[in-house]
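For reference, the chains in residue letters:
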Amino acid sequence: MIIAIDGPAASGKGTIARRIAAHYGLPHLDTGLLYRATAAALIADDRNLYDEAAAVAAARGLGLSDFDDATLRTRQMGEAASVIAAMPGVRAALIDAQRAFASWPGGAVLDGRDIGTVVCPEADVKIFVTASAATRAQRRALELIRSGEKADYEAILADIIRRDARDSGRAAAPLRPADDAVQLDTTHLGIDAAFAEALSIVEAARIRA
Ligand code: DC
């Protein structure tokens, strides 16, 4: 069973994907990390983020140790990842690894922006998770405050709106729901309720299969 979970930044897709994977005992891949690690490798090498040849080489050269980096999850790295993710060559360099992960014998859960549309168009279940930009910005701000950091709500909101526009507006594998995806709006749902909804979508697909 391949489960594709897509959606914009801070929609809750990552947490839902992790919990769905744990529930079914499936491996989970957060594909955003591939783009974040590519951007981090470029930055570490002092390369220009807009240099597509360098970005493609960084994507091709990713190794396991590139994922052991505390800065990968920062807002700045999310923004840098979104820039290099718009490059078709970078996407092409990362697609085989994602498909190999998805072909795990018992199935897998992948979350990202283009899993249901490009990486795994044959996925058994596709969920497109959304939430209003204001709600997503509040969630990110709360996360920062809980981890003892300062949170500038307006800056976070502006960031989210800019990233949505870039991820949805690019020509290569833009963020959009697959035609056969079930949409899950988490604006008014806590994480337990969102997980329960996602689980019922997966269960309904399992019954149909
Ligand atoms: O999910 P995330 O915030 O970690 O993703 C960071 C960026 O990576 C996101 O803004 C766009 C890009 N991305 C992508 O283009 N395709 C994916 N499947 C996953 C992430």
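Procedures and definitions
Residues numbered from 1 in each chain as written. Predicted model: local features only at pLDDT ≥ 70, side-chain atom pairs only at ≥ 80, totals over all residues. Heavy atoms only, no water. Helix = DSSP H or I, 4+ residues; strand = E, 2+ residues; numbered from the N terminus. Rg over C-alpha atoms; globule rule 2.2 N^0.38 Å. Buried < 20%, exposed > 50% of the residue type's maximum accessible area, 1.4 Å probe, protein only. Contact = heavy atoms within 4.5 Å. Axes fitted to C-alpha atoms, helices over the stretch in contact; angles between N-to-C directions. Left-handed = near helix turned anticlockwise from the far one by under 90°. Nonpolar A, V, L, I, M, F, W, Y, C, P; charged D, E, K, R; others polar. Expected span 1.5 Å × (residues − 1). Bend = angle between axes of the 7 residues up to and from the residue. 1 Å grid on protein atoms, 1.4 Å probe; cavity = no way out; pocket = protein on both sides within 12 Å on 5 of 7 lines; lining within 4 Å. Points joined across faces, edges and corners; volume = space filled by probe spheres on them. Near = heavy atom within 4 Å. Polar contact = N/O pair within 3.5 Å; in protein donor to acceptor, adjacent residues only side chain to side chain. Sits in = over half its atoms within 2 Å of the grid points. Pairing = 2+ DSSP bridges.

### Describing the overall build of the chain
Looking only at helices and strands, the chain features 9 helices and 5 strands. Listing the helices and strands of the chain from first to last along the sequence gives β-α-β-α-α-α-α-β-α-β-α-α-β-α. Taking 17 Å as the expected radius of gyration for a compact globule of 209 residues, we find that the chain reaches 17 Å, a close match to that expectation. Based on the C-alpha atoms only, the size of the chain along its principal axes is roughly 50 × 40 × 30 Å. Counting every position in the chain, which comprises 209 residues, the buried fraction comes to 48%. In the chain, 77% of the contacts between residues at least 6 apart in sequence involve partners at least 24 apart.

### Focus on the packing of helix α2 (residues 32-44) against helix α3 (residues 52-60)
Where α2 meets α3, the axes come as close as 9 Å, and the angle between the chain directions of the two elements is 120°. When the axes of α2 and α3 are compared, the crossing they make is right-handed. Two secondary-structure elements touch here, α2 through Thr38, Ala41 and Leu42 and α3 through Ala54, Ala55, Ala58 and Ala59. Partitioned by chemical class, the residues of the contact of α2 with α3 number 6 nonpolar, 1 polar and no charged.

### Regarding helix α5 (residues 88-102)
Between the first and last C-alpha of α5 there are 21 Å, a value that for 15 residues agrees with the 21 Å anticipated at 1.5 Å per step. Taken as a whole, α5 carries its principal kink of about 35° at Ile95. Buried within α5 we find Val90, Arg91, Leu94, Ile95, Gln98 and Ala102.

### Observations concerning empty space enclosed by the protein
Overall, the coordinates contain 1 cavity of 30 Å³ or more when judged by the stated rule. Each pocket or cavity is described by its volume, and for the largest cavity that value is around 50 Å³. Lining the largest cavity, in full, are Ala9, Arg75, Arg140, Ile156, Asp159, Ile160 and Arg163. Counting residues per element, the lining of the largest cavity draws most heavily on helix α8 (residues 153-169), which supplies 4 residues. Residues belonging to the lining of the largest cavity are distributed by class as follows: 3 nonpolar, no polar and 4 charged.

### Description of the site of the ligand
Near the ligand you find 15 residues, and of these Arg36, Arg91, Arg163, Asp167 and Arg170 are the closest. The side chain of Arg36 places a nitrogen or oxygen atom 2.6 Å from an oxygen atom of the ligand. The side chain of Arg113 places a nitrogen or oxygen atom 2.8 Å from an oxygen atom of the ligand. The site holding the ligand turns out to be the largest pocket. Each residue belonging to the shell around the ligand can be placed in one class, and the counts come to 3 nonpolar, 4 polar and 8 charged.

### Observations regarding the pairing of strand β3 (residues 108-112)
Among the 5 residues in β3, 5 count as buried, and that is most of the element. Residues Ala108, Leu110 and Gly112 line one face of β3 and the alternating positions Val109 and Asp111 line the opposite face, and both faces are buried. Of the strand pairs in this sheet, strand β1 (residues 2-6) and β3 are connected by 5 bridges, and their pairing is parallel. Bridge pairing in β3 links Asp6 to Gly112.

### Concerning the sheet that holds strand β5 (residues 182-185)
Sheet strands associate in pairs through backbone hydrogen bonding, adopting either a parallel or an antiparallel arrangement. If you walk across this open sheet you meet the 5 strands as β2-β3-β1-β4-β5, and the pairing is parallel. A single partner strand is all that each edge strand has here, and the edge strands are β2 (28-30) and β5. On average, each strand axis in the sheet is tilted by 20° relative to the strand beside it, whichever way the strands run. Here β1 runs beside strand β4 (residues 125-130); their pairing, made up of 4 bridges, is parallel. Bridge assignment links Asp6 to a residue of β4, and that residue is Phe128. The sheet contacts of helix α9 (residues 191-208) involve β1, β4 and β5, and relative to β4 the element is tilted by about 155°.

On their own, these measurements won't tell you what the molecule is for.
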